[in-house]
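# Residue-level structure breakdown
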Amino acid sequence: MKILELDVVSFGKWSHKKIPISDELSYFYGPNEAGKSSIRMFIIYILFGLKSDEREQYLSKVDGQLGGRLLIEVNYVTYTLERFLHKNRGHLVVSKNGIKLSEHEVNKVLKGINRPLFESIFSFEDRDLQSIRQHKKEDIGTVLFNLGLTGSDQITQLEKELIKESDELFKKQGKRPPLNEKLTELQKIQQEIYETERKEREHQHLYKQLEDIDQTIESLKVQEHEIIADLNYYEKLNQVKSPVVKHQILTDEMNQFKDAESFPEDGQNQLNHLTEQIKAQGEQLNQITDSVQRVKKDIDDLTEASQVDKWPVTITEAQHIVQKVEQFHTDIERSEEQLKQLKYDYKKIEEELGFQIDLNSIKSVDIHHYTNENWKRLSAKWDQLKSQIQSNKLKLYHKYEELNDLERQRNEIDKWKMSSSDLQSIQERYDQIKLDEQKQQLEKQYQQQMEYQRTTINKVKGFVATSKWLLPFMVLLLTSMLLMRVNVELLTIYGGLAVGLILAITIFYTLNKIDQHIKRTLKRLKSTGSRSSSYEAEMSELKRQLNDQEELEKQLNQIQHYTQSTISSIDELKKEQEYVQQSQKELEQEIEEHIYKYPFLKRFDLFHWPSVYDWLKKGKQTALAQTDIEENITKTKREMEHELSILHTIIQLYEKDRILTEPRLVCDLALNYIDKEKSWLQNLEQKREWLKEQEDVKSRLTESTKQLQDDLNSLLSKVNAKSKDDFLEKAREYKQLKNKSQQRNDLYEMVYEVFNSETEYILQKNINWLEVESQFNDHKQTIERNRAEIDNQQKLKAQVQVEINHLESSGVLSDLVHQKAMIESEVVKLAKEWAVKKVAYSTLKETKNRYQNVYLPDIMEKTSEYFYAITDERYDTIQFNKDESIMVKSTSGLWFDVSQLSEGTADQLYIALRFALNDSLSTYVHLPFILDDAFVHFDQSRKEQVLKLIRKKSNDQQIIYLTCEDQDSQILNIKPSPLQVG
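Our subject in this report is the structure included herewith. Small disclaimer: the values here were computed from a predicted structure and weren't measured. (Residues numbered from 1 in each chain as written. Predicted model: local features only at pLDDT ≥ 70, side-chain atom pairs only at ≥ 80, totals over all residues. Heavy atoms only, no water.)

### Here's the deal with the side chain of Ser 954
Note that Ser 954 resides in the loop between helix H26 (940-953) and strand E13 (959-963). Beyond its immediate sequence surroundings of up to four residues, Ser 954 is in contact with Glu 24, Leu 25 and Ile 959. (Helix = DSSP H or I, 4+ residues; strand = E, 2+ residues; numbered from the N terminus. Contact = heavy atoms within 4.5 Å.)

### Observations concerning the nonpolar core
Leu 6, Leu 70 and Phe 935 are the most contacted members of the largest nonpolar core, which totals 76 residues. Listed in part, the 37 residues of the second largest apolar core include Ile 288, Val 292, Leu 660 and Cys 667. (Core = buried A, V, L, I, M, F, W, Y, C linked by side-chain atoms within 4.5 Å. Buried < 20%, exposed > 50% of the residue type's maximum accessible area, 1.4 Å probe, protein only.)

### A few points about a negative patch on the surface
A cluster of acidic residues, Glu 685, Glu 689, Glu 693, Glu 695 and Asp 696, forms a negative patch at the surface. Mapped onto the fold, Glu 689 is located in helix H19 (residues 663-718). Judged by relative accessible area, Glu 689 falls into the partly exposed class, the value being 43%. (Patch = residues over 30% accessible without salt bridge, like charges linked within 9 Å, V, L, I, M, F, W, Y side chains within 5 Å. Areas by Shrake-Rupley, 256 points an atom, 1.4 Å probe, with all protein chains shown as cover. Salt bridge = Lys/Arg side-chain N within 4 Å of Asp/Glu carboxyl O. Lys, Arg positive; Asp, Glu negative; His and termini not counted. Charge placed at Lys NZ, Arg CZ, Asp CG, Glu CD.)

### So, helix H3 (residues 103-110)
Of all the residues in H3, the buried ones are Val 106, Val 109 and Leu 110. The buried side chains of H3 occupy one side of the element, clustering within an arc of 90° when seen end-on. Facing away from the buried surface of H3 by more than 90 degrees, the exposed residues are His 104 and Lys 108. Buried residues along H3 sit in contact with helix H1 (36-48), strand E4 (67-74), strand E5 (77-84) and strand E6 (93-96). (Arc of directions from axis to C-beta.)

### Examining helix H12 (residues 315-353)
A rise of 1.5 Å per residue sets the reference length of H12, with its 39 residues, at 57 Å; its end C-alpha atoms lie 56 Å apart and thus fit the reference within 8%. Just past H12, the residue Gly 354 takes up positive phi, approximately 90°. (Expected span 1.5 Å × (residues − 1).)

### With respect to the environment of Leu 271
With respect to the helices and strands, the residue Leu 271 is situated in helix H11 (residues 267-305). For Leu 271, a relative accessible area of 0% puts it in the buried group. Spatially, the C-alpha atoms of Leu 271 and Leu 716 are 8.5 Å apart, while their sequence positions differ by 445 residues. In contact with Leu 271, other than residues within four places in its own chain, are Leu 712, Leu 715, Lys 724, Phe 727 and Leu 728.

### Let's talk about the packing of H11 against H19
Where H11 contacts H19, the axes come no closer than 8 Å and their chain directions differ by 155°. The angle between H11 and H19 places the two elements in the roughly antiparallel class. Seen along the crossing, H11 lies across H19 with a hand that is left-handed. Each residue belonging to the contact of H11 with H19 can be placed in one class, and the counts come to 19 nonpolar, 15 polar and 8 charged. (Axes fitted to C-alpha atoms, helices over the stretch in contact; angles between N-to-C directions. Parallel < 35°, antiparallel > 145°, perpendicular 65-115°, else oblique. Left-handed = near helix turned anticlockwise from the far one by under 90°. Nonpolar A, V, L, I, M, F, W, Y, C, P; charged D, E, K, R; others polar.)

### Considering the environment of Gln 424
Residue position: Gln 424 is located in helix H15 (residues 420-485). Note: C-alpha distance between Gln 424 and Leu 546 (122 residues apart in sequence) is 9.9 Å.

### What to know about the sheet that holds strand E8 (residues 123-125)
One open sheet accounts for 5 strands, arranged E8-E12-E13-E3-E14; its pairing is parallel. A single partner strand is all that each edge strand has here, and the edge strands are E8 and strand E14 (977-978). With 3 bridges connecting them, E8 and strand E12 (residues 929-932) associate as parallel partners. Counted as the bridge partner of Ser 123 is Ile 930 from E12. (Pairing = 2+ DSSP bridges.)

### Some remarks on the pattern of salt bridges
Inspection of every chain in the model, using the stated rule, returns 19 salt bridges. Between Arg 69 and Asp 7 there is a salt bridge, with its nearest N and O atoms 3.2 Å apart. Separated by 62 residues along the polypeptide, Arg 69 in strand E4 and Asp 7 in strand E1 (residues 2-11) bring together distant segments of the chain. By relative accessible area, which is 26% here, Arg 69 ends up partly exposed. Since its relative accessible area comes to 15%, Asp 7 is described here as buried. Two residues, Glu 402 and Lys 399, come together in a salt bridge whose shortest N-O distance is 3.8 Å. Within this pair, Glu 402 and its partner Lys 399 are both found in helix H14 (residues 369-416), separated by 3 residues, close to a single helical turn. Judged by relative accessible area, which is 22%, Lys 399 ranks as partly exposed. Here the salt bridges share partners, and the residues they tie into one network are Asp 7, Arg 69, Glu 82 and Lys 87.

This is the structure:
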C-alpha cells in the first residue's frame, strides 16, 4: 500500500489542506508545533480511528469537526479512505472509483492491520526511544528481546504482571497471599469444629469443676489472712537488720578512741598545707638551679655555633638574595615550560602539516594576509566550479529525464489519438446530428404553436357548445315575454313565436356548424404527431470524443513545445558546462603556479590550503616566540649564577666540603642557615634575660621556705606530737571517731523510722537473725504459693466459665460449619483465578519459545545487517541468549551484553531491530514507514548513518520523514517540504 495524497479537511491545526506524498521518500520539516505529529496522527485516525480522549485535542476550534481522506494505491488500484466524526458515526468508508466497498473488502485491502501493529512496526518517533531509556540498564536487553518477538515491549510488562498477580494469589511457602490465608483459615475452622464437638460432650463435667474451684479459692483466702499477720513483724525486723547490727558494732568501737577527742578540727589540713608548701618551694628551688645550669651551657653552645660575623652580607641582604635566586629559578622554569609547550605546539603544527620543517625555514616562509585571502579564493572558486559542474550534470540528467517523459507522454497520446478519417467521420456524423437537432427545434416550435391553437380552439369550442343551446332558448324566452307583456292578438302571438322559433333554429344551426368545424380542426391538430427522435445520447458521446481528441491535440502541441524548450535548455546547459570546464582549467593553471612558489602545497588538497596558511602562520609565530624565550633564559641564568656564588660562600662557612649545583637546594640550605642564625640570636637574647629573672626568684623562695618550717614546728607542739608521723596518727584516730559517731546517729534514725518508741529495746536486744530470716522466708513463700494457687484457680474458673458460655450459646457449631463452606467456595474461586494466571503465563512462555525458535533467528540476522551498517561496521552479529536478552559481537570478536553498550549504540540497536521487524512484515503487507522526529537526540555521525539507510530503504518502501531540521537534505539527497499550517 502506498499513500498518494493526504486530504486533511479538519484535524488539529490543519484545515482544508491537500498534501501530496512521494512514492519513495517524503521529507517534511517544520519547527515545533508546526503540525508534524498531527500528520502522523491524521494517518492513524483515518486508518484505525482514535480514542475519545485522543480525538478531543484534534477537534477543530472553529466548527468542531474532525476528519479527512487518504488517497492510497494497492496493487496499482487507487482507493479513497474517508473518515469523519460527524458522518457514518465516525466509521471508515473505503471507495474505489466512487463505489463504496463492503467491510469484507475493506479488511482485504488493509489485510487486517490494526493500530497497535502499525504503531509498533511501521511508525516510529523519538518518544519510543525515550520509553526504552526509562528502563533500568540491566533490563534493556530483555525489553529489546521481546521487541524482536512482537514489535512491542508490552510483553515484558505482561509477563511481570502475570507472575506478580499469580504470586499475590498463592505462594508455596507464603503466608500473606489470599489463597494461603484462606487455606490456613479453613484448617483452623476445621480444628475449631472438632474442639467444639468435644467440649459439648464435657458440658456437665465443667459445671462440677466450676463448683470445686470456688471452694478451693475460698479456703486459700482464709489461710492467706492468717499468715500475713505473722509475716509483717518478721518483715520489719528484716528491714532494720543491717542498721541494728552496725549500730551495736560502732558503739563498741567508739569506746577505744577516748584520747582523740581533744584533737583540733582542722589540724591535719594545716599540716598537709604546710608540708606541701615546703615541698613545692624546695622542688622549685631545685628546678631553678638545674635550669640555670642548662641555660648557661646553651648560651655557650649557641655562641660557638654562630658564624654570622663571617658572612659577606647581612642576614637581611642574604634573605633578599635568596628571594632573587628563587624568582630567577621560577622565571627560568616558567620560561622552560613555555618553551616546552611551544616545542610541543610546533610538533603538533608539523603533524597537522604532515611534514617536518626547521625553525629557520618556517621563519623565512613569505606568507601574509593576501596569501591567505588568495588561497581561500582559489579554494572557494574550485568548490564553486566543482559544484556548478555537478549541478549542471544533475540538471542535464533531469532534462534528459524530462525529455524521455515527454516522449513517453507523446507516445501515450498517439495511442489514444484517432486517425484523420475516423475523426472526419465523427465530425460529419456530429454535424448531421446537429442539423437534425435544429430541425427538431423547428418542429418543437411548430408543435408549441399548434398546442396554443388547440388550447384556443378548445376554449371557443366550449363557448359554442354552450351557446348553441343557450342562445335559441334565450331568444324564445325573450319573444314569449315580449308577447306576454303587449296586448296583441292571438295570431300575432303565434306569428311572433314562429319568428322567434325560426330565429332560434337559425342560431342553433349556425353555432352547430361552427362546433363541427372546431371538432374537425382539433382532430387535424391531434393527427399532427411529434416526429422528433432522440439523438441526445449519441450526440453527447460524439461531442465527448471530439473534445477528447481536441484535448489530446492540445496536449500534443504542448508536449512539442515543452520538448523544444527542453532541447534548448540542454543546449544552453552544455554550453554553460563547457564554459565552467574551461574556467576550471584556468583555475588549475593558477593553482599550479602557487604550488611552484610553495612546493609544500602539493601535499594538500585545495580546500586544506586556508588551514595550511593558518598552521604556517601559527608555526612562524611559535618559532619566533621560542627564540625570544631562549634568549631570556640565558640572560636570567647569568644573573642567577652571580647571586648563587654569594650563597655558596655562606653555606661553606657551615659545610666546607659540600658543593651544590641545584639552585633550589642552595636557596633552601641558605634559608635554613639564615633561619638558624636568626633563631640563635633571638635565643641568646631570651636566655640571658631569663637568667637574670631566675636569680631574683631563687632569693625570694629561700626566705619563704624558712618561714614555713617555723610554722610547722609550732603546730606539732600544740598536740604533743614528737614528729610528723605521730601527728598524723593522732589526726587519723580523731577522724575515725568522728565518722563512727555520725554513722551511729544515722543508723539510729533508720531503726526509729520502723519501730518508733521500741527503737531502744530493739537496739539493746540480742536477736537471732538467722531464725528471723528463716521464718520470714517460710511465711513469704507460703503466701506466694497460696496467691499463685488462687490465681491459677481464678484463671481456670474463668476458662471454664468461658467454655461453658461458649458451649451454651446457640448455633456455635452450625455457624462454624457454614463458615467452613463459605471459605471452601472462596478457596475454589481463588484457585481457579490462580490457575488461569498460571495457564496464561505458560501459554505466553510457550508462544515466545515457538516464535524465538521459528521467526526470531531471521529477524536477528536482518537486524545484524542493519546494525552493521548504521554502526559504521563496528558490530557484525546479534544473537539472543537463554536469559531472554540480546548479545552483540564487535568486528574484533568481542561479545557485549546490551547493558554494556552506550546509550547511543543501544538506540542504534533499537532502530536496527525496528527496521528488521518492518522488513519481516513487508512480505505480508506493504505499508509506508513513518518517522516523526525520530533522531533529534542523535549525534551527527549516528544520524548520518541512519539517514543513509533510510535513503536506501526508500527505494523499496514508501517512507514519510517528519522532522524539525532541514539540514538532512544533503544526506537524503532530496529537497525538504516545509510545513505551514493554514
